[in-house]
Amino acid sequence: MNVASSISPVITADNESLKRDFPLKPFAIRHKLSGHPLLTLSRIAQLASDMPRDLIEYNSGDASVSQDPDKVKSIDLDPVEVVNRIQTAGAWMVLKRVEKSPEYRQLLEDALTSVARARGFKSIEDAGFSQIEGFLFVSSPNSTTPFHMDAEDNFFVQIYGEKIFAVYDNRDGKIADDAQVEHSTVKHRNVPFNESFRPRGIEFNLDAGDGCYIPYQWPHWVKTAGSHSISMAITWKTEEVRRLNDLHRFNSMLRGIGLPQAAPGARPALDSTKLAVYRTAAAIIEPLRGSETMRRVIRRIALGKNANYYLKKA
Ligand SMILES: [Fe+2]
């Protein structure tokens, strides 16, 4: 599983970025995935028709950078129609967890293997790339992905069309505080944007073949240009990221019953206890996640009444 199927590296970046900035700061990358048969509109339409509906999220691309998630405009098309009509649909779509398909999983592993080797490791496991997941984005011209954070590290690759990808430094919590980071991790990814954030931003102008590395929880917004766009997020979670995410989930549940918690790291001994309790409970529930119906029920119990927001128009 650790042998890349292609000889030449799928993802490249300058050595300084891979050794100095990774995994703490964003940087530009290049890749060889544009034109790959798994990443054409027709193949993505087939993938959309094969995937469980709750792994597809889409809405109007006419969104604000600072977008209230409760006021997102919907699109009155089914997922396959959205992909097939993306040039004119005025839509934004993400197909989640594409690694569930073995072909896509191989693509993601090949890409991360090239990064692992460039960093001097023999395999993706040695390099710490675990829980590898892929997210495919299909967007109409002039679409906006609102300002948000993602609870994983990400090599973002631009496959077709142009995008501006703007990422912001929140390491001091001045853009989103601890409570907002918890909310973004567990409830909804969007974060309010304020023009005063601009000096903290780095903008990547991405064309086919370009990409960027986006560290865990660095907020970003994305806009497409005059043609439709195909992009992919190649993501993974290190052991430390999984620990932080589980603590945010457990803290959010406690906040929901009137017991707001200090952020992860503020009380390390208590963090260890909370992590053990949460993971024991999560292990009991995990076998139920195989069913889409049970996934909806679990999301509703764990996250509240808006947990299945993107399935309202299903
Ligand atoms: Fe994102």
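Look up: the structure comes first, before these words.
Not measured: the values here are computed from a predicted model.

Turning our eyes to something else, we now look at the overall build of the chain. Across its full length, the chain holds eight helices and twelve strands. Relative to its length of 314 residues, the chain is compact, with a C-alpha radius of gyration of 19 Å against a globular reference of 20 Å. Referenced to the eigenvectors of the C-alpha coordinate spread, the extents of the chain come out at roughly 50 × 50 × 45 Å. For the chain, the residues scored as buried account for 38% of the 314 residues in total. Expressed as a percentage of contacts within the chain between residues at least 6 apart in sequence, the contacts between residues at least 24 apart total 81%.

Glancing now at the nonpolar core. Met93, Leu112 and Met232 are the most contacted members of the largest nonpolar core, which totals 63 residues. At seven residues, helix α4 (residues 102-118) tops the list of elements feeding residues into this core. Here methionine 93 is in contact with Ile56, Tyr58, Val82, Phe137 and Val138, once residues within four sequence places are set aside. By size, the runner-up hydrophobic cluster in this structure holds five residues, among which are Tyr216, Val241, Leu244 and Leu247.

If you check which residues of helix α2 (residues 41-50) are buried, you get Ile44, Leu47 and Ala48. Considered in projection along α2, the buried side chains sweep an arc of 100 degrees and stay on one side of the axis. Exposed side chains of α2 directed beyond 90 degrees from the buried face belong to Ser42, Ser49 and Asp50. Each element contacted by the buried residues of α2 is listed here: β3 (56-60), α3 (79-84), β4 (91-95) and β5 (133-139).

Looking now at unusual backbone geometry. Note the cis peptide between phenylalanine 22 and proline 23, where omega equals 5 degrees. Among the structural elements, proline 23 can be located in the loop between α1 (15-21) and β2 (27-31). The backbone of arginine 97 sits at a positive phi, close to 55 degrees, despite the residue not being glycine. Along the chain, the position of arginine 97 falls in the loop between β4 and α4.

In this structure, serine 114 sits in helix α4. Along the sequence, serine 114 and phenylalanine 22 sit 92 residues apart, while their C-alpha atoms lie 14 Å from each other.

Between helix α6 (residues 239-256) and helix α7 (residues 268-285), whose axes approach to 9 Å, the crossing angle comes to 80 degrees. One element, α6, and the other, α7, form an angle in the roughly perpendicular class. Of the residues in α7, those touching α6 at Arg243, Asp246, Leu247, Arg249 and Phe250 are Asp271, Lys274, Leu275, Tyr278 and Arg279. A breakdown of the residues in the contact of α6 with α7 according to their chemical character gives four nonpolar, no polar and six charged.

What follows concerns the packing of helix α5 (residues 178-186) against α6. Where α5 meets α6, the axes come as close as 9 Å, and the angle between the chain directions of the two elements is 100 degrees. When the axis of α5 is compared with that of α6, the two are roughly perpendicular. Contacts between α5 and α6 involve Glu182, Thr185 and Val186 on the former and, on the latter, Asn245, His248, Arg249, Asn251 and Ser252. For the contact of α5 with α6, the class distribution of residues is one nonpolar, five polar and two charged.

Right, let's talk about the pairing of strand β7 (residues 153-160) for a bit. Among the eight residues that make up β7, seven are buried, leaving the element largely enclosed by the rest of the structure. The pairing of β7 with strand β12 (residues 229-236) spans seven bridges and is antiparallel. Opposite valine 157, over in β12, you have methionine 232 as the bridge partner. Where β7 lies against strand β10 (residues 210-214), four bridges are found, and the strand directions are antiparallel. Across the sheet, valine 157 pairs through a bridge with glycine 211, a residue of β10.

Looking now at α4. Taking 1.5 Å as the rise per residue, α4 with 17 residues should run 24 Å; its terminal C-alpha atoms sit 24 Å apart, in good agreement. For α4, the set of buried residues is Tyr104, Leu107, Leu108, Glu109, Asp110, Ala111, Leu112, Thr113, Ser114, Val115 and Ala116. At its buried positions, α4 is contacted by β1 (11-12), β5, β7 and β12. Of the residues trailing α4, glycine 120 is marked for its positive phi of about 95 degrees.

Whether parallel or antiparallel, the strands of a sheet pair through hydrogen bonds between backbone atoms. The eight strands are arranged β1-β2-β10-β7-β12-β5-β4-β3 in an open sheet whose pairing can be described as antiparallel. Each edge of the open sheet is held by one strand with a lone partner, namely β1 and β3. Lying on the sheet, α4 is in contact with β1, β5, β7 and β12; it crosses β12 at an angle near 70 degrees.

Bringing the sheet that holds strand β8 (residues 163-168) into the picture now. Taken in spatial order, the four strands of this open sheet run β6-β11-β8-β9, and their pairing is antiparallel. Pairing within the sheet leaves two strands with one partner each, and these edge strands are β6 (144-148) and β9 (201-206). Neighbour to neighbour, the strand axes of the sheet diverge by 10 degrees on average, direction disregarded. One ladder, built from three bridges, connects β6 with strand β11 (residues 220-224); its direction is antiparallel. The residue bridging histidine 148 from the neighbouring strand is histidine 220, located in β11.

Quick notes on the rules
Residues numbered from 1 in each chain as written. Predicted model: local features only at pLDDT ≥ 70, side-chain atom pairs only at ≥ 80, totals over all residues. Helix = DSSP H or I, 4+ residues; strand = E, 2+ residues; numbered from the N terminus. Rg over C-alpha atoms; globule rule 2.2 N^0.38 Å. Buried ≥ 20, exposed ≤ 12 C-beta atoms within 10 Å, placed from the backbone. Contact = placed C-beta atoms within 7 Å. Core = buried A, V, L, I, M, F, W, Y, C linked by C-beta atoms within 7 Å. Arc of directions from axis to C-beta. Axes fitted to C-alpha atoms, helices over the stretch in contact; angles between N-to-C directions. Parallel < 35°, antiparallel > 145°, perpendicular 65-115°, else oblique. Nonpolar A, V, L, I, M, F, W, Y, C, P; charged D, E, K, R; others polar. Pairing = 2+ DSSP bridges. Expected span 1.5 Å × (residues − 1).

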